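Secondary and tertiary structure notes
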Amino acid sequence: MTGGEKLHLHGYSYYIDLSGGILTDYEPDELDQVATRIGEPYAVYVSCQSMDAARAFLRDVLPGVDGLVDTNHHEILQASEFLTLVDRHPGWDWRRRPSTDLP
């Protein structure tokens with residue numbers, strides 16, 4: 001995959017964009033923060049039909065990834081930290097509840 005393409009996995013549908021174009025949606029200070037944490041960012045945009053689809057996809061692709069997950073809701077977490085939270089709190093909806101509010 002190199003651009004905007006559809007993927008069907010585990011009964012879910014996804015739209016994936018590997019072009020890096022999503023980086024234009026970030027403010028320069030946000031990109032500076034990311035670069036400070038991991039170096040020059042390479043972004044992958046994933047859109048899916050539900051939170052269950054998002055969890056299934058992220059559990060498949062994130063193990064072993066040394067990078068960041070932008071929840072698109074004011075949090076940017078290390079991939080490993082994000083996966084730990086998803087496993088520890090299976091019903092967590094990061095759109096409605098920040099990770100700092102989890103027990």
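For the structure itself, look to the data block above.
For the structure on display, the rule yields 5 aromatic pairs. Consider the rings of Tyr14 and Phe57, whose centres lie 4.9 Å apart with planes at 40°: the pair is tilted. Of this pair, Tyr14 sits in strand S2 (residues 12-17) while Phe57 is found in helix H2 (residues 51-61), placing the two residues 43 residues apart along the sequence. For the pair formed by Tyr14 and Phe57, the shared burial category is buried. With centroids separated by 5.5 Å and ring planes inclined at 65°, the aromatic side chains of Trp92 and Trp94 adopt a geometry described as edge-to-face. A single burial state applies to Trp92 and to Trp94, both of which are buried. An aromatic cluster of at least three residues, connected via ring pairs, comprises Phe82, Trp92 and Trp94.

Note that Leu31 resides in helix H1 (residues 28-38). Along the backbone, Leu31 and Ser47 are 16 residues apart, and their C-alpha atoms lie at a distance of 21 Å.

Another point: a negative patch on the surface. Together, Glu27, Asp29, Glu30, Asp32 and Asp70 make up a negatively charged patch on the protein surface. Per-element accounting of the negative patch gives the leading share, 3 residues, to H1. Residue placement: Asp70 occurs in strand S4 (residues 68-70).

With that out of the way, let us pick up unusual backbone geometry. One non-glycine residue, His10, adopts positive backbone phi at about 55°. Considering the arrangement of structural elements, one finds His10 in the loop between strand S1 (4-9) and S2.

A few words on the pattern of salt bridges. With the rule as written, the count across this model stands at 4 salt bridges. The salt bridge partner of Arg55 is Asp52, with a shortest N-O separation of 3.2 Å. One end of the pair is Arg55 and the other is Asp52, both in helix H2 and 3 residues apart, which spans about a single turn. What makes Arg55 buried here is its relative accessible area of 8%.

What follows deals with the sheet that holds S1. Across a sheet, paired strands are connected by hydrogen bonds in the backbone, their directions being either parallel or antiparallel. Pairing in this open sheet of 3 strands is antiparallel, and the strands run S1-S2-S3 from one edge to the other. A single partner strand is all that each edge strand has here, and the edge strands are S1 and strand S3 (45-48). Within the sheet, the average angular offset between the axes of one strand and its neighbour, ignoring direction, is 25°. For S1 and S2, the ladder comprises 6 bridges, and the chain directions are antiparallel. Within S2, the residue paired with Leu9 across the bridge is Tyr12. Helix-sheet contacts for H2 involve S1, S2 and S3, and the interaxial angle to S2 is about 60°.

Analysis parameters
- Residues numbered from 1 in each chain as written.
- Predicted model: local features only at pLDDT ≥ 70, side-chain atom pairs only at ≥ 80, totals over all residues.
- Heavy atoms only, no water.
- Phe/Tyr/Trp six-rings, centres within 6.5 Å; stacked < 30°, edge-to-face > 60°.
- Helix = DSSP H or I, 4+ residues; strand = E, 2+ residues; numbered from the N terminus.
- Buried < 20%, exposed > 50% of the residue type's maximum accessible area, 1.4 Å probe, protein only.
- Patch = residues over 30% accessible without salt bridge, like charges linked within 9 Å, V, L, I, M, F, W, Y side chains within 5 Å.
- Areas by Shrake-Rupley, 256 points an atom, 1.4 Å probe, with all protein chains shown as cover.
- Salt bridge = Lys/Arg side-chain N within 4 Å of Asp/Glu carboxyl O.
- Lys, Arg positive; Asp, Glu negative; His and termini not counted.
- Charge placed at Lys NZ, Arg CZ, Asp CG, Glu CD.
- Pairing = 2+ DSSP bridges.
- Axes fitted to C-alpha atoms, helices over the stretch in contact; angles between N-to-C directions.
- Contact = heavy atoms within 4.5 Å.

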